[in-house]
Structures are given as structure tokens and as C-alpha cells.
Amino acid sequence: MGLPTLEFSDSYLDSPDFRERLQCHEIELERTNKFIKELIKDGSLLIGALRNLSMAVQKFSQSLQDFQFECIGDAETDDEISIAQSLKEFARLLIAVEEERRRLIQNANDVLIAPLEKFRKEQIGAAKDGKKKFDKESEKYYSILDKHLNLSAKKKESHLQEADTQIDREHQNFYEASLEYVFKIQEVQEKKKFEFVEPLLSFLQGLFTFYHEGYELAQEFAPYKQQLQFNLQNTRNNFESTRQEVERLMQRMKSASQDYRPPSQWTMEGYLYVQEKRPLGFTWIKHYCTYDKGSKTFTMSVSEMKSSGKMNGLVTSSPEMFKLKSCIRRKTDSIDKRFCFDIEVVERHGIITLQAFSEANRKLWLEAMDGKEPIYTLPAIISKKEEMYLNEAGFNFVRKCIQAVETRGITILGLYRIGGVNSKVQKLMNTTFSPKSPPDMDIDIELWDNKTITSGLKNYLRCLAEPLMTYKLHKDFIVAVKSDDQNYRVEAVHALVHKLPEKNREMLDILIKHLVKVSLHSQQNLMTVSNLGVIFGPTLMRAQEETVAAMMNIKFQNIVVEILIEHYEKIFHTAPDPSIPLPQPQSRSGSRRTRAICLSTGSRKPRGRYTPCLAEPDRNKSYSGSIQSLTSIGSKETPKAPPNPDLPPKMCRKLRLDAASSNGYQRPGSVVAAKAQLFENVGSLKSVSSGRQAKAMYSCKAEHSHELSFPQGAIFSNVYPSVEPGWLKATYEGKTGLVPENYVVFL
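This one's a predicted model, so the numbers in the text were calculated from it and none came from an experiment.

Caption draft 1: Examining the pattern of salt bridges more closely. One pass over the full model with this rule turns up 28 salt bridges. A salt bridge links Arg-348 to Glu-320, with the shortest nitrogen-to-oxygen separation between them at 3.4 Å. Of this pair, Arg-348 sits in the loop between β6 (340–345) and β7 (351–355) while Glu-320 sits in strand β5 (residues 320–329), placing them 28 residues apart in sequence. Residue Arg-348 is classed as partly exposed on the basis of its relative accessible area, which comes to 23%. Judged by relative accessible area, Glu-320 falls into the partly exposed class, the value being 23%. Members of the salt-bridge network, linked through shared partners, are Asp-10, Asp-17 and Arg-21.

Caption draft 2: Summary view of unusual backbone geometry. If you check the backbone angles, Lys-296 has positive phi at about 55 degrees while not being a glycine. With respect to the secondary-structure elements, Lys-296 resides in the loop between β2 (281–292) and β3 (297–307). Of note in the backbone geometry, Tyr-416 takes a positive phi value of approximately 70 degrees without being a glycine. When its relative accessible area of 1% is taken as the criterion, Tyr-416 is described as buried.

Caption draft 3: Representation of the nonpolar core. In this structure, Tyr-460, Phe-477, Leu-508, Ile-512, Leu-540 and Leu-564 are the most contacted members of the largest nonpolar core, which totals 61 residues. For Phe-477, the residues in contact, after removing those within four places along its chain, are Met-469, Val-493, Leu-496, Val-497, Leu-500, Met-541 and Val-560. By size, the runner-up hydrophobic cluster in this structure holds 33 residues, among which are Leu-22, Leu-112, Tyr-181 and Val-182.

Caption draft 4: Broad picture of the sheet that holds strand β10 (residues 727–732). Sheet architecture is open: five strands sit in the order β11-β10-β9-β8-β12, paired in antiparallel fashion. Each edge of the open sheet carries a strand with a single partner, namely β11 (735–740) and β12 (744–746). Mean inter-strand twist for the sheet, computed between neighbouring axes without regard to direction, equals 40 degrees. As judged from the three bridges shared by strand β8 (residues 692–696) and β12, these two strands associate in the antiparallel manner. Paired with Lys-695 across the two strands is Val-745, which belongs to β12.

Caption draft 5: Quick peek at the packing of aromatic side chains. Evaluation of the coordinates by the stated rule reveals 19 aromatic pairs. Ring centres 4.9 Å apart and planes at 90 degrees place the aromatic pair Phe-710 and Phe-716 in the edge-to-face group. Both residues of the pair, Phe-710 and Phe-716, count as buried. Every member of this aromatic cluster is reached through a ring pair, and the members are Phe-134, Tyr-141, Tyr-142, Phe-174 and Tyr-181.

Caption draft 6: Here's a closer look at the packing of helix α8 (residues 422–432) against helix α9 (residues 450–462). Two numbers describe how α8 lies on α9: the axes approach to 9 Å, and their chain directions differ by 65 degrees. Helix-helix and strand crossings are classified by hand; for α8 and α9 the assignment is right-handed. Across the interface between the two elements, Lys-424, Val-425, Leu-428 and Met-429 of α8 pack against Thr-452, Ile-453, Ser-455, Gly-456 and Tyr-460 of α9. Looking at the contact of α8 with α9 residue by residue, the classes come out as five nonpolar, three polar and one charged.

Thresholds applied
Residues numbered from 1 in each chain as written. Predicted model: local features only at pLDDT ≥ 70, side-chain atom pairs only at ≥ 80, totals over all residues. Heavy atoms only, no water. Salt bridge = Lys/Arg side-chain N within 4 Å of Asp/Glu carboxyl O. Helix = DSSP H or I, 4+ residues; strand = E, 2+ residues; numbered from the N terminus. Buried < 20%, exposed > 50% of the residue type's maximum accessible area, 1.4 Å probe, protein only. Core = buried A, V, L, I, M, F, W, Y, C linked by side-chain atoms within 4.5 Å. Contact = heavy atoms within 4.5 Å. Pairing = 2+ DSSP bridges. Axes fitted to C-alpha atoms, helices over the stretch in contact; angles between N-to-C directions. Phe/Tyr/Trp six-rings, centres within 6.5 Å; stacked < 30°, edge-to-face > 60°. Left-handed = near helix turned anticlockwise from the far one by under 90°. Nonpolar A, V, L, I, M, F, W, Y, C, P; charged D, E, K, R; others polar.

Listed below in C-alpha cells is the structure:
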């Protein structure tokens with residue numbers, strides 16, 4: 001049975017039957033309100049699930065796109081070629097499907113959630129406001145009526161007339177409130193038939209359009225699918241026949257004599273471990289070695305076995321070739337490794353220490369090389385920490401890195417923030433600090449990319465046995481920048497820098513001078529003084545005892561570096577004031593907690609969430625959990641208003657995390673030093689481009705808290721490019737956020 005009709009005349013009588021019928025409407029209105037609330041909640045969950053699904057499908061299709069089949073042999077059949085290309089075809093198909101799903105998701109909020117929320121708040125909300133007014137006027141009228149009826153008839157006529165006038169006025173107010181409430185509640189009951197059915201219809205239309213697009217793509221894909229099935233069947237048949245032949249060959253090899261060995265051109269060959277010098281001491285590297293007794297030629301090439309789930313194989317480098325001079329067994333008490341022997345070669349100064357797999361294996365090598373028993377005193381072993389200290393090679397390395405960066409990469413976006421590839425940085429360090437490398441070795445900027453050079457520079461400084469700004473002065477620097485007096489901070493840091501050892505101060509001078517130049521290009525590289533502080537604070541300073549308390553002081557280490565950069569000329573090129581007292585630890589006053597702590601005296605921009613830079617991924621990098629958007633990036637020219645009033649699609653915002661790989665030279669176990677790497681992963685950068693004004697060609701509803709909502713014709717100020725492709729950063733009505741680039745034109 002439907003809801004009873006409410007007549008306006010019933011409002012005048014206000015009968016119990018009228019109140020009962022009115023209550024039926026109120027109950028139905030509340031039920032409708034709860035239903036819409038649940039519908040909005042479920043719709044939001046559905047849209048979120050669709051968005052997550054879309055992101056997963058995009059990542060899946062990207063994986064298909066990136067993988068490349070490699071077939072055995074130097075040629076491929078047509079079937080194999082077709083199969084090898086199939087993954088890219090699958091990826092293109094999925095991308096086409098996701099384009100339509102992306103449009104569905106983008107429009108879902110506007111066509112479903114927003115209209116339902118608007119109806120609930122504006123229409124049902126207005127009816128509830130009418131009820132409040134009706135109840136208030138009703139209570140007021142009947143209360144006055146009770147008092148009016150209790151008036152004594154003996155009251156003065158004027159008093160009675162005034163009471164009559166008042167009751168008439170209150171009855172009129174009650175009557176008008178009742179009429180308005182009856183009108184509104186019935187209006188809402190009627191409007192709900194289309195006000196929240198229409199949004200559902202629009203949403204379903206978009207959903208069906210998406211499904212239809214998938215159906216059409218499936219129809220287009222059918223001929224290719226049929227051909228691919230044919231190719232797969234052919235390849236399967238070929239495999240079965242080939243497998244039988246290969247299995248027979250394997251069985252024949254199993255039954256062959258166990259001492260069978262293929263002929264070899266070498267007197268001796270096999271794996272040996274070679275002792276090599278590294279920046280942090282010595283390490284043993286596996287090499288594949290060969291020796292020819294006739295020519296006394298000894299070769300070795302690095303052989304690294306990869307046996308994880310990602311790779312299972314042998315990686316070798318170009319072989320090094322030497323002419324053997326002598327070979328001597330290593331005394332057991334002279335080294336903590338077993339099965340070792342030393343060789344001397346013409347091409348390299350000093351000895352090369354090798355380790356065999358066993359005593360028997362060592363004897364074979366000694367026999368092949370005419371090796372002798374040791375009759376000499378082993379020279380003193382070089383200190384394992386030699387290159388963990390500041391030395392000529394280290395100074396040269398830092399200067400060459402800085403020269404390379406300033407020559408060709410000082411304006412690169414995210415300079416020093418984006419880490420290099422682990423294998424490349426390792427190779428750079430090995431090449432530079434190899435025992436056979438000259439101290440003044442140049443860095444080939446054609447061979448090494450900018451990220452590798454900057455990562456090598458940072459890691460050299462991090463791996464010093466003692467941080468550049470020393471353990472001894474660490475607490476003094478921290479206490480200095482905790483002072484309330486900004487001028488004292490600068491003076492104290494100035495004095496402390498001149499207490500550093502001469503080599504440390506010289507190296508710090510070289511580095512900070514370079515960072516000053518980097519900060520001057522912050523409009524291009526986004527590396528402001530503040531951002532450089534975050535990078536180099538944990539690099540140049542480190543507490544001797546790594547505790548939670550030490551980690552909490554990292555932010556002050558960053559401030560020290562900021563002061564060094566902002567006051568470079570004063571600190572490094574003038575003498576400190578001898579009257580400045582050394583910093584003394586002091587407890588914070590209560591008032592300090594209520595005041596903002598200014599990190600440095602220079603002008604600063606507010607820190608904010610930094611959206612990582614979107615660089616091309618290096619194949620050697622590992623991207624953990626990254627989401628790679630497949631949406632094509634359109635032209636970034638300022639768009640003209642199209643004749644079609646339909647809104648253009650917003651650029652899909654990429655949320656991929658730029659993975660920073662550890663370079664292998666970070667001090668082992670150093671939690672504090674690792675904070676620099678943490679910033680490289682998720683650090684915060686701000687664009688400092690000069691802003692312009694722009695006007696909105698279309699209205700837009702924000703989908704995230706850091707985006708702006710605005711009407712058509714809105715005027716934006718301080719508009720400049722965002723680090724996210726297809727988006728601008730702008731200020732509207734005092735709020736700063738992201739706006740789609742193709743929604744605005746510059747003024």
C-alpha cells in the first residue's frame with residue numbers, strides 16, 4: 001500500500017489522523033535517507049575496487065609488454081616469432097580495455113556519487129529542516145493555546161483582545177510551517193523517483209559501454225587468437241619430437257665413461273678466488289682462470305653466479321691476460337684462508353693471491369705453473385681501512401665527480417636525490433679505487449651517467465671510517481643548531497668548522513662550494529638548500545653510537561648542512577670570532593615548544609609532500625610494488641576550448657615509486673646513514689618556478705585531497721608546472737593544489 005496523501009486543508013485542522021499520515025511520510029523519508037547513504041558508501045567502494053582493478057591490470061599489461069621471449073638457437077620459426085610477439089599484443093589489448101575503464105572511473109563520481117549526495121543533503125535535508133520548524137511552531141502554538149484557554153473571563157477586555165491577537169498570530173505561523181512542511185515532504189517523495197534513479201541509470205550506461213567496448217575488442221581479437229592457437233599447436237608438436245631426441249642423447253651421455261673430459265687448449269683451467277682490494281678493505285672475487293704453460297699466459301675473468309629466483313646463470317667479464325713470472329704456495333700462517341697461492345706477473349706490480357677449491361686443486365695449479373714452496377717472509381698486509389680515510393685518491397675522486405656534475409648535469413631534476421644503479425656504482429668505485437688505478441684518474445663522463453657519479457660521491461663520503469665532520473665535534477654541531485639564537489647558530493658552526501682537521505675542512509670546503517652552485521639552479525633541479533640538507537646531513541655527520549636519540553637528531557644534522565651552504569663565504573673564507581663561546585648542552589624552555597623552529601636564516605619554502613620524479617626505469621633497477629601507468633601522455637601545449645562542451649579526460653596521475661637502489665658502499669649497519677637513502681626514495685621536493693595566472697575552461701570536481709575543485713571560469717594564481725605529467729600546481733580561493741593541464745588556459 002502506498003503512502004497516504006496529505007491535503008493542505010489537513011494542516012489547518014491538525015487532526016490525529018493527519019499526524020499519523022504525516023508520520024508515515026517521515027518514516028519513509030528516513031528509510032530513503034539511510035538507503036541513499038548505504039548506496040553512496042557501496043558505490044564508493046565499487047569505484048575504489050574498479051580503480052584498484054584498473055591499476056592491477058595496467059601493471060599486469062606492463063609486465064607483459066616488458067617481457068621478451070628468447071628462443072634457443074640463432075634463428076626462430078614463424079610460429080616462434082608470432083608467439084614471442086603475442087605478449088605485446090595481449091598488453092595492447094588490455095591497454096585498450098583499460099582506457100575505457102579509466103573513463104568509466106573518472107566519470108563515476110560525477111554521475112553517481114555527487115548527484116546522490118546532493119539529493120540527500122539538499123532535498124531530504126530541506127525536508128528535515130521543515131520538520132524541525134514544524135515541530136517548533138507546533139509546540140509553541142499549543143503551549144500558548146493552553147495558557148490562552150486558562151485566562152480568566154474576568155480579565156480586562158484589552159488584555160483579552162491582546163491574548164486573542166497573539167493566539168491568532170501563533171496559529172498562523174504554525175499553519176504556514178505546516179503547509180510548507182507538507183509541501184516539501186511530498187515534493188521529496190515524488191522527486192526521489194527520478195533524482196537518484198537517473199544517476200544509477202547513467203552509471204549503468206557507462207558500465208555497459210565499457211562491457212560493449214570489451215565485446216567489440218574481443219570480436220576484433222578473434223582472428224589473431226585463432227592464428228596464435230595454430231602457432232602454439234605447431235610449436236607444441238615440434239617440442240614433443242625434439243624432446244624425445246634430446247632425451248635419448250642425455251641417456252647416452254649418462255652411460256659414457258666418468259673420466260671422459262672434452263679436449264682443452266689450456267694446460268690448466270678452472271675457477272679460482274682472487275683477493276682484490278676494495279675501498280673498505282679486501283674481498284675475494286670468483287674468477288674463471290686459464291693457463292698455457294708454453295707461453296706462460298695466465299688469464300682470468302670475473303664470474304658471478306646468480307642463483308636466485310630472478311636469475312640463474314653465470315655472468316662473466318672480459319678476461320684479463322698476464323704473463324706469469326713466478327708461482328709460490330702461500331704459507332698457512334700468513335693468511336686466514338686455506339688452499340692459497342701467490343703469483344707474480346709482468347703486467348702488474350706486487351703479488352696476486354689466489355685461492356683454489358681444495359688442496360688437490362691447488363697442487364694441480366702449482367704443477368701446471370711450476371710452483372715453489374714459500375721461502376720468503378711475507379710483506380706486511382696493507383691496512384684494510386686504507387681507503388676509509390681521506391687520502392689523495394679520495395680528494396681526486398670527489399673533485400672529478402664534482403667537475404663531471406657541474407660540466408653536464410647540474411640542472412638535472414632531482415640531482416643527488418635519485419640514486420644510481422647498484423652495479424654501475426659498484427663498478428665506478430672498483431675502477432677508481434683499484435690498486436692499479438693512478439691517484440689522479442679521470443672520470444669518463446661519456447662512460448658514467450650522472451646518477452652513478454652522484455651516488456658514488458655520496459657513498460664515498462658515507463663510507464669514511466669517521467664522518468667528514470668527525471665524531472668528536474658531532475655533539476657540538478648538534479647543540480649549536482639547537483640554539484634559539486639564529487645568529488649564534490651561524491657563528492658557532494663557523495667556529496666549529498675551523499676546529500675540524502685540515503684535510504676534513506678542505507674536503508668540506510670543496511663539497512659545500514659545489515652544493516652552493518647546485519642550489520643556485522634549484523629552479524631547474526629542484527634541489528633547494530633545504531633538500532640538499534636532507535641529502536647530505538646524514539652523509540657528512542654521524543653519531544658514534546647509533547641510537548634512537550641519534551636518529552632523532554638527523555633533522556639537526558640537516559640544519560648544519562643548510563647553514564654551511566647559506567653562509568659558505570663567511571664560514572670558509574673568514575676567520576671565526578674567537579669570543580664566540582662553544583656550544584653547551586641546555587634544556588629546552590617551555591616557551592620554546594610553542595615557537596616555530598626556523599631551520600636556517602635564509603629564505604625557505606614550506607616543505608610539502610614530494611611526488612617522486614618520473615624518470616625512465618633502468619633495466620638494472622628493482623621496482624618494488626611500483627604501479628606503472630599505461631595512459632599515454634598527450635601533448636602539453638595549451639589547449640584551445642573545443643566546440644564540444646564535454647569535459648576532456650584528466651591526465652592519469654602516475655604514482656610509481658622511484659626505487660632507489662642501495663649502492664653497496666653504505667657503512668654496514670649504519671641506520672643513521674641510511675636516512676639519506678630514505679629521502680632518496682620518498683623525499684620531498686618543491687617546484688620553485690615563477691607562477692602565472694590561468695583561467696578554467698571547464699568545471700572540475702577534486703578526486704583527491706591534494707587536487708582542487710573549481711567552477712568554469714575560475715581564475716587561478718601562482719600557476720606553474722607540477723612534477724606530475726599533465727597536471728599544474730595552482731592557487732584558487734586561498735587553497736593550493738593540482739589542476740588538470742588541459743582544463744585551463746594561461747592568461
